[in-house]
Amino acid sequence: MEEAKWYVAHTFSGYENKVASNIQTVVENRNLQDLIQEVSVPTETVVEIKEDGKKKEVERKIFPGYVLVKMVMNDDTWYVVRNIRGCTGFVGPESKPVPLTDEEVKKLGIEKISVEVSYAAGDLVNVIDGPLEGFSGTVESVDVGKNSVLVSISMFGRETSVEFELDQLEKIKD
């Protein structure tokens, strides 16, 4: 079976959530969970300051007019998504759907990539990727949710705290 990839479906403005929930309903009704695996309307929380100075947190769509769908593309799945009310088609030349690259998926943060971390605060680590590759230091803190690690590295004779991504470090074996 083909691997599911992320595609971008174009919708009428304001219909993103309706289209996403309709796709999910059709998937459940027709038992297509293995072909259409995930539907996402990426949002971010922003703080708006009203005229009276009050701050209000609002959920805003990152890509208005688009729904992201992780699916195995074939004539049937294309037809299912394409014929959802409010959906105007897929993004790609001549309406031929083009999947997002792994790099794009990673940048968009739509798939949570789990990284197994073998180190914790206080451990000695080597930097194995990035501009400080070859340096080593002591882990100060680890935030798996934000994919970040704070490491104290000795540079130019002084300790400096540097933030890394989880996969840029490896624990130094005792």
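Fair warning: this is a prediction, and the values are worked out from it, not measured in the lab. (Residues numbered from 1 in each chain as written. Predicted model: local features only at pLDDT ≥ 70, side-chain atom pairs only at ≥ 80, totals over all residues. Heavy atoms only, no water.)

Teacher, can you tell me more about the pattern of salt bridges here?
It is possible for side chains bearing opposite charge to pair when their charged atoms get close. One pass over the structure, following the stated rule, counts five salt bridges. Between Arg60 and Glu48 there is a salt bridge, and its shortest N-O distance comes to 2.9 Å. Taken together, the residues Arg60 in strand β4 (residues 55–61) and Glu48 in strand β3 (residues 43–49) connect sequence positions twelve residues apart. Residue Glu48 is classed as partly exposed on the basis of its relative accessible area of 25%. Between Asp52 and Lys54 there is a salt bridge, and its shortest N-O distance comes to 3.8 Å. The same class applies to Asp52 as to Lys54, namely exposed. Salt bridges sharing common partners tie together Glu48, Lys50 and Arg60. (Salt bridge = Lys/Arg side-chain N within 4 Å of Asp/Glu carboxyl O. Helix = DSSP H or I, 4+ residues; strand = E, 2+ residues; numbered from the N terminus. Buried < 20%, exposed > 50% of the residue type's maximum accessible area, 1.4 Å probe, protein only.)

Explain the sheet that holds strand β10 (residues 158–165) here, please?
Sheets are built from strands paired through backbone hydrogen bonds, the pairs being either parallel or antiparallel. On the basis of which strands lie adjacent, the open sheet formed by five strands has the order β10-β9-β8-β7-β11 and antiparallel pairing. Each having just a single partner strand, β10 and β11 (169–171) make up the two edges of the open sheet. Across the sheet, the mean angle from the axis of one strand to that of its neighbour is 40°, orientation sign disregarded. Pairing geometry for strand β7 (residues 124–127) and strand β8 (residues 136–143), over three bridges, is antiparallel. Looking across to β8, one finds that Leu124 is bridged to Thr138. (Pairing = 2+ DSSP bridges. Axes fitted to C-alpha atoms, helices over the stretch in contact; angles between N-to-C directions.)

Which parts of the structure should I look at to understand the packing of aromatic side chains?
The way to describe two aromatic rings as a pair is by their centre distance and the angle between their planes. Scanning the entire structure with this criterion turns up two aromatic pairs. For the pair Tyr7 and Phe90, a centre-to-centre distance of 6.3 Å together with 75° between the ring planes defines the contact as edge-to-face. With Tyr7 in strand β1 (residues 5–11) and Phe90 in strand β6 (residues 87–90), this residue pair connects regions lying 83 residues apart in the sequence. There is no split in this pair, since Tyr7 and Phe90 are both buried. With centroids separated by 5.8 Å and ring planes inclined at 75°, the aromatic side chains of Phe12 and Tyr15 adopt a geometry described as edge-to-face. (Phe/Tyr/Trp six-rings, centres within 6.5 Å; stacked < 30°, edge-to-face > 60°.)

Please clarify how the environment of Lys171 should be interpreted in this entry.
Note that Lys171 resides in strand β11. Residue classification places Lys171 among the partly exposed positions, given a relative accessible area of 29%. The spatial distance from the C-alpha of Lys171 to the C-alpha of Asp123 is 7.0 Å, given a sequence separation of 48 residues. For Lys171, the residues in contact, after removing those within four places along its chain, are Ser118, Tyr119, Asp123, Leu124 and Val125. (Contact = heavy atoms within 4.5 Å.)

Any functional reading would require information beyond the geometric quantities listed.
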